[in-house]
Amino acid sequence: MAGVEQLRRREGVNLVQLEADISTVRPGHSIASIALPDYVEHTEGVTRVGALSAEAVIRDYESAAKEIEAMGTELIDAARKCEALTVQVHDAIAFMRETAAGYREEGRKIFKRIEECALFTEDVRKTCEQVKRRMKDVSVGDSVGDPSKLELVEEEEEREAERA
């Protein structure tokens, strides 16, 4: 704002010289030689300085609008990358769920095997205790070599083996 105020206060601003400086910077000397965006056109009768100022302003706005559109393109590219990443995330989650389900199934199988082994071990322990008891009963009994007692022990052992 200070620059504008100084420009107004300064006497001796040479508008002809300003226009000449602008003309040397841009090719061509007519206002029509600068292509304007489609959505604006010069008003008839506008001064050359006014037209040049308006052109400068519209070019800045047009430049900013193009940059905004470019950002939109970048956002679209970023959105596409996000969509691709989202697909990869969903695939990874599905893989993790499958892996977790596999671990659960394997854990269930091992759990079942351990319990089956524990039951089998308990059956073996009981059978061994029964056999020890029978052997003790047979050896302690009145007739150690009594075939009827030995047959009973063998029959009971067979029943125990069939249960296991």
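Computed from a predicted model, the values in this text were never measured in an experiment.

**Student:** Got a minute to help me understand the overall build of the protein chain in this structure?
**Tutor:** Regarding its fold elements, the protein chain presents four helices and zero strands. Counting from the amino terminus, helix and strand elements in the protein chain follow one another as α-α-α-α. Looking at the protein chain as a whole, 10% of its 164 residues are labelled buried. Restricting the contact set of the protein chain to residue pairs at least 6 apart, pairs at least 24 apart contribute 29%. For the protein chain, the computed accessible surface area is about 14,000 Å², with 60% contributed by carbon and sulfur atoms.

**Student:** Looking at this structure, I do not really get the pattern of salt bridges. What am I missing?
**Tutor:** Pairing is possible between side chains of opposite charge, provided their charged atoms come close. With the rule as written, the count across this model stands at four salt bridges. A salt bridge links Asp77 to Arg80, with the shortest nitrogen-to-oxygen separation between them at 3.6 Å. Residue Asp77 and its partner Arg80 are both found in helix H3 (residues 48–140); the two are separated by three residues, about one turn of the helix. Overall, the relative accessible area of 36% leaves Asp77 in the partly exposed class. Among the salt bridges present, the one from Glu105 reaches Arg108, with a minimum N-O distance of 2.5 Å. With Glu105 and Arg108 both in helix H3, this residue pair falls three residues apart, about one helical turn. Judged by relative accessible area, which is 44%, Arg108 ranks as partly exposed. Salt bridges sharing partners connect three or more residues here, namely Glu122, Arg125 and Glu129.

**Student:** Would you mind going over the confidence of the model for the protein chain with me for this structure?
**Tutor:** Taken residue by residue, the protein chain gives an average pLDDT of 82. The fraction at 70 or more is 75%. Mean pLDDT values for the elements of the protein chain range from 50 in helix H1 (residues 2–9) up to 93 in H3. Across residues 1–5 the pLDDT falls below 50, and counting only partners more than four positions away or on other chains, this stretch makes zero contacts in the model. Note on residues 29–33: pLDDT under 50 across the span, and eleven contacts to partners over four residues away in sequence or across chains.

**Student:** Sorry, what's going on with a nonpolar patch on the surface here?
**Tutor:** Residues Leu85, Val89 and Ile93 make up a contiguous nonpolar surface patch of about 230 Å² in total accessible area. For Ile93, the location among the structural elements is in helix H3.

**Student:** So what exactly am I meant to see when it comes to the environment of Glu55 here?
**Tutor:** Residue position: Glu55 is located in helix H3. Separated by 15 residues in the primary sequence, Glu55 and Val40 place their C-alpha atoms 9.4 Å from one another.

The rules behind these values
- Residues numbered from 1 in each chain as written.
- Predicted model: local features only at pLDDT ≥ 70, side-chain atom pairs only at ≥ 80, totals over all residues.
- Heavy atoms only, no water.
- Helix = DSSP H or I, 4+ residues; strand = E, 2+ residues; numbered from the N terminus.
- Buried < 20%, exposed > 50% of the residue type's maximum accessible area, 1.4 Å probe, protein only.
- Contact = heavy atoms within 4.5 Å.
- Areas by Shrake-Rupley, 256 points an atom, 1.4 Å probe, with all protein chains shown as cover.
- Salt bridge = Lys/Arg side-chain N within 4 Å of Asp/Glu carboxyl O.
- pLDDT = per-residue confidence, 0-100.
- Patch = residues over 30% accessible without salt bridge, like charges linked within 9 Å, V, L, I, M, F, W, Y side chains within 5 Å.

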